[in-house]
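Structural overview
Listed below are the residues making up each chain.
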Amino acid sequence: MYWGAGFASSRPCVVELGRNHSLPLGLCGADQHQSLYGYIIAFPLQDYGGIMSALGSDSWWKKTLYITGGALLAAAAYLLHELLAIRKEQELDSKDAIILHQFSRPKNGVPSLSPFCLKIETYLRMVDLPYQNYFDGKLSPQGKMPWIEYNHQQVSGSEFIVDFLEEKLGVNLNKNLTPEERAVSRAVTKMVEEHLYWTIAYCQWVDNLEETQKLLAMSGPLSDTLKWLLSHLNGSMVRREMYGHGIGRFSKEEVYALMEKDMRTLATLLGDKKYFMGTKISTLDATVFGHLAQAMWTLPGTRPEQLIKGELINLAMFCERMRRRFWPEWFVEVEDLYYDGDSESSSGGSPTGLLDFGLFSRTDTLDDSDSGSRSAAGTHAHSPDSDHSLFDSDVGTGSDNDIQLKEETIPDLDV
């Protein structure tokens, strides 16, 4: 009797070899990361008069083949086990502590390639709740990412996470919104998460797969091979899920046309306001920022970047305002803030990678007046399609005199 080796699995698409080891792929669906969990198995094979039977039972090289094949199989299994295991599952004490499970940081300094992971981490900073990042690649019981643990309770799905934190910890960014504003906020949230998301995912994982592949953080002797494999698996899943959603049944030009309509809608809604619901932040700002940041900083030279850094410059100013206020450790080059028609200059990346904070609270890093981001005062980077500067004082980078003057001329603007 002969033996073969295979891979047993029930779900797509994070590879797991051995107990409690997994590897994240990235974005696979709206607010969801599908995974592949399984084990290397051996199974008996029947010999129906094939080549092996013709060799004779006492063939010396048949025995050599058995030994060599077994050794190679064992070596391959061990190598894959060591390369693909991110880290062992650990027991976490979530008593009175928010533990945020999300994907590892990408290489270009952007906090996450997942709009939903970036949304939730930004939200936690907006409500000033300390949290602990856990980049283990482990999915929630529902197969989603991101998810949180708090007092040994597990919550997944960005909308349910926000509801849970509001109920348990009493935070609420929307308490000052009118019923009509709450309705508008929810409608825009669904447009962004259920429609714009897919067009951005298409741009990331289908149309610009090779560029996105370079952003994956992975090390080891086979890191390039693993990044190629995982990015292409992810791209295939995005295609399949987009087709099931319906938006994937259209041509590339039509997908981008839908994306442009959504971005123009957001630009019109934002107008010249500081945030989407006015001068005060709301949950909608975290949602929109999580998605637009992908177009702003992870898709150099693409149509989304051209729009947000060119014609729809108010969206770029919003993203930069959010970044400076809630991500003081996230640095970008000046030329990364506007599109100049040259994809090479746009893809320079951040000079400093984002730190993997284990425990974070923005209370210790900057105050509510954005004082921590005023070091760039006096620097101006104008969009070629707009007279506005991304470093205007409404972004929180002006001097104290500029801010005081602005408050006197526009008293209702909360700087």
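What comes next concerns the included structure.

**Things to note about the environment of G248**
Counting through the fold element by element, G248 comes out in the loop between α7 (223–245) and α8 (252–270). When its relative accessible area of 29% is taken as the criterion, G248 is described as partly exposed. G248 has contacts with M242 and Y243, leaving out every residue within four places of it along the chain.

**Overview of unusual backbone geometry**
With an omega of 5 degrees, the peptide bond running from M145 to P146 counts as cis. Mapped onto the secondary structure, P146 falls in the loop between β4 (131–134) and β5 (147–150). Positive phi is not limited to glycine here, since D128 has a value of about 60 degrees. Although it is not a glycine, N151 adopts a positive phi angle of roughly 50 degrees. Position of N151 relative to the elements: it lies in the loop between β5 and β6 (153–156). Classification of N151 by relative accessible area gives partly exposed; the value is 30%.

**Let's talk about the pattern of salt bridges**
For the coordinates displayed, the defined rule picks out 15 salt bridges. In this structure, the salt-bridge partner of R125 is E329, at a minimum N-O distance of 2.8 Å. With a gap of 204 residues between them, R125 in helix α3 (residues 115–126) and E329 in the loop between α11 (313–326) and α12 (343–346) connect regions that are remote in the sequence. For E320, the salt bridge goes to R323, with nearest N and O atoms at 2.6 Å. Taken as a pair, E320 and R323 lie in helix α11 at a separation of three residues, close to a single helical turn. For the pair formed by E320 and R323, the shared burial category is buried. Three or more residues are tied together by salt bridges with common partners; here these are K119, E159, R186, K190 and E193.

**Re the packing of helix α5 (residues 179–207) against α7**
One way to put it is that α5 packs onto α7 with a least axis distance of 9 Å and a crossing angle of 145 degrees. Between α5 and α7 lies a crossing whose hand is left-handed. Here E194, W198, A201, Y202, W205 and V206 of α5 lie close against α7, whose contacting residues are S231, N234, G235, V238, R239, E241, M242 and H245. Considered class by class, the residues forming the contact of α5 with α7 number seven nonpolar, four polar and three charged.

**Side note on a nonpolar patch on the surface**
Side chains of W228, L229 and L233 sit close together on the surface and give an oily, nonpolar patch of about 280 Å² of accessible area. Judged by its relative accessible area of 36%, L229 falls in the partly exposed class.

**Comments concerning the packing of aromatic side chains**
Under the criterion given, the structure shown has eight aromatic pairs. An angle of 75 degrees between the planes, with centres 5.9 Å apart, marks the rings of Y202 and Y256 as edge-to-face. With Y202 in helix α5 and Y256 in helix α8, the pair connects residues that are 54 residues apart, well separated along the chain. Across the pair, Y256 and Y202 agree in class, each one buried. Look at W327 and W330: their rings are 6.1 Å apart centre to centre, the planes differ by 85 degrees, and that puts the pair in the edge-to-face class.

**Regarding α3**
An α-helix turns once per 3.6 residues; consequently, residues spaced three or four apart project the same way. Along its 12 residues, α3 runs 16 Å from first to last C-alpha, staying within 8% of the 16 Å computed at 1.5 Å per residue. For α3, the set of buried residues is P115, F116, C117, L118, K119, I120, E121, T122, Y123, L124, R125 and M126.

Parameters at a glance
Residues numbered from 1 in each chain as written. Predicted model: local features only at pLDDT ≥ 70, side-chain atom pairs only at ≥ 80, totals over all residues. Heavy atoms only, no water. Helix = DSSP H or I, 4+ residues; strand = E, 2+ residues; numbered from the N terminus. Buried < 20%, exposed > 50% of the residue type's maximum accessible area, 1.4 Å probe, protein only. Contact = heavy atoms within 4.5 Å. Salt bridge = Lys/Arg side-chain N within 4 Å of Asp/Glu carboxyl O. Axes fitted to C-alpha atoms, helices over the stretch in contact; angles between N-to-C directions. Left-handed = near helix turned anticlockwise from the far one by under 90°. Nonpolar A, V, L, I, M, F, W, Y, C, P; charged D, E, K, R; others polar. Patch = residues over 30% accessible without salt bridge, like charges linked within 9 Å, V, L, I, M, F, W, Y side chains within 5 Å. Areas by Shrake-Rupley, 256 points an atom, 1.4 Å probe, with all protein chains shown as cover. Phe/Tyr/Trp six-rings, centres within 6.5 Å; stacked < 30°, edge-to-face > 60°. Expected span 1.5 Å × (residues − 1).

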